[in-house]
Amino acid sequence: MTKLRPLHPETLAVRAGTQRSEFGEHSEALFLTSSFTYESAAQAAERFQGREAGWVYSRFTNPTVAMFEARLAAMEGAEAAVATATGMGAILTVCLALLEQGDHIVSSHSLFGSTYQLFGAMMPRFGIKASFVSQNNLEEWEAAITPKTKFLYVETPSNPLVEIADIAALRTIADSVGALLIVDNCLCTSALQRPLELGAHIVVHSATKFLEGQGRVLGGAIVGSRTLVDEKLIPTLRTAGPSLSPFNAWVLLKSLETLSVRMERASKNALYIAKALEAHPKIARVYYPGLASHPHHRLALRQHCASGEAGEEVAGGALMSFEVKGGQAAAWRVIDATEICSITGNLGDARSTITHPATTTHGRLAPEVRAAARISDSLLRLSVGLENKQDILQDLLRGLD
Ligand SMILES: *Cc1c(COP(=O)(O)O)cnc(C)c1O
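Heads up: these notes are all about the structure in this document. (Residues numbered from 1 in each chain as written. Predicted model: local features only at pLDDT ≥ 70, side-chain atom pairs only at ≥ 80, totals over all residues. Heavy atoms only, no water.)

**Quick look at unusual backbone geometry**
What counts is decided by this rule: Working definition: helices are DSSP H or I runs of at least four residues, strands are E runs of at least two. Numbering for both runs from the N terminus.
Here the bond from Thr156 into Pro157 is cis, since omega is -5°, no more than 30 degrees from zero. Tracing the sequence through the fold places Pro157 in the loop between strand 4 (149-155) and helix 7 (167-175). Cis geometry is found at the peptide bond from Asn159 to Pro160, where omega equals 5°. Tracing the backbone shows Pro160 in the loop between strand 4 and helix 7. A positive phi is found at Thr189, a non-glycine position, where the angle reads about 65°. If you trace the backbone, Thr189 turns up in helix 8 (residues 189-192). Non-glycine residue Arg374 carries a positive phi angle of around 60°. Of note, Arg374 is situated in the loop between helix 15 (367-372) and strand 12 (379-383).

**Some thoughts on helix 4 (residues 87-98)**
Here is the rule: Multiply 1.5 Å by the residue count of a helix minus one, and that product is the helix's expected span. The buried label goes to any residue with under 20% of its type's maximum accessible area, the exposed label to any with over 50%, and the partly exposed label to all in between, with areas taken from a 1.4 Å probe on protein chains only. We define a polar contact as two N or O atoms separated by no more than 3.5 Å, with the added condition that, inside protein, one atom must be a possible hydrogen donor and the other a possible acceptor, whereas residues neighbouring each other in sequence contribute only through side-chain atom pairs.
Its 12 residues place the ends of helix 4 17 Å apart at the C-alpha level, agreeing with the 16 Å of an ideal helix rising 1.5 Å per residue. A large share of helix 4 lies buried, amounting to nine of its 12 residues. Taken together, the buried positions of helix 4 are occupied by Gly87, Gly89, Ala90, Ile91, Thr93, Val94, Cys95, Ala97 and Leu98. By the N-cap criterion, in which a side-chain oxygen at the helix start approaches the backbone nitrogen of a residue two or three places on, helix 4 is capped by Thr86, the distance to Met88 being 3.4 Å.

**Focus: the pairing of strand 4**
Keep this limit in mind: Two strands are said to pair when DSSP picks up at least two bridges between them. Here, the term right-handed applies to a crossover whose path from the first strand over the helix to the second runs clockwise when the strands point away from the viewer.
Of all seven residues that make up strand 4, six are buried, and the element is covered over most of its length. Summarising the sheet, strand 2 (residues 104-108) and strand 4 pair through four bridges and their orientation is parallel. If you follow Ser107 over to strand 4, its bridge partner there is Tyr153. Bridge count between strand 4 and strand 5 (residues 180-184): five bridges; the pairing is parallel. Within strand 5, the position partnered with Leu152 by the bridge is Leu181. On the question of chirality, the crossover connecting strand 4 to the parallel strand 5 by way of helix 7 is right-handed.

**Some points on the environment of His205**
Structurally, the position occupied by His205 is in strand 6 (residues 202-206). On the accessibility criterion, His205 (2% relative accessible area) is buried. Sequence separation between His205 and Gln303 is 98 residues, and the spatial gap between their C-alpha atoms is 17 Å. A distance of 2.6 Å separates the side chain of His205 from the side chain of Glu76, its partner in a polar contact.

Put into structure tokens, the structure is as follows:
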């Protein structure tokens, strides 16, 4: 958990993890191969039994995937990382690696929809119980843990209401029963937040979102200690198979190089738009941690360690939600009047995207669960991209004015 690192995150994002082949290529090579060959039968045997280091099969590990893992681990300030096919593949791999029948997990109920289904509907089929608590009510977390609790799970900021959880406080609660604290760092990414330094044991990523940043490929990752990765996660991935394809790893590896520049620009755009929307008479409420009106603004400033000189201007990140006066009809009017923003459930793209969570990303939830998560019919979620900030704002105002 040391903050002392010889190189800054932006440098690591460009330089860390690179392994050059005999050709001395400058940009990282794409090893698009499913398997590897050996000099002899004896060498094959040594490799398969793990007595000789080296490549075997791309479900286990691949040089391009390994470069992505090493780079992301360096950026998160971690010992190791494991890449997975998707973000959900990462979360599933963590569950398979850490849980057994009779175990219990505690999670915030402000969760990505599929994560909620995985914990609340799928895990119970295997004898694992999940308790869901309010993201920011520490007493609820404390009351929910039991001696059987294996991990505490939180997304911070959460999607879509961008609630910030106090990572250090949750770590203390996890420690009281010897549980692990897992943080989904999808929305901030390692460019704005390094949860391991704040107290998390494990970070999971949907690399599909901001890490990738241009909406091209799916991917995921789990970041943590060398022991956890080598003894628990890699054996699980190797057996269960949700491995990242080398092609996707190569796209993601190149994406990491521009991550901090993209996050900085998108977050500055977001702050500008959030301030303008907050002042607009047709907007009931803006949820954005970069605004002083956000209930966890100070916590966001503390946990989101924007690197470089950007500081507070980018601490809010690139995602926000807002409530339009006039319910679902008014919210849909804003969406339908846009000409720039993409109408899509995805987020974390160079293109700004707009979604009506109640009827799309969170539409599968029962109405009372949706109400508990405060996803109202007038709520819109905006993932701010890299377009000009005035153009994005004008695009949103068209449906309001
Ligand atoms: C998208 C998302 C996931 C799942 O990632 P996939 O790559 O789509 O599987 C998990 N957590 C959060 C917060 C997400 O936004």
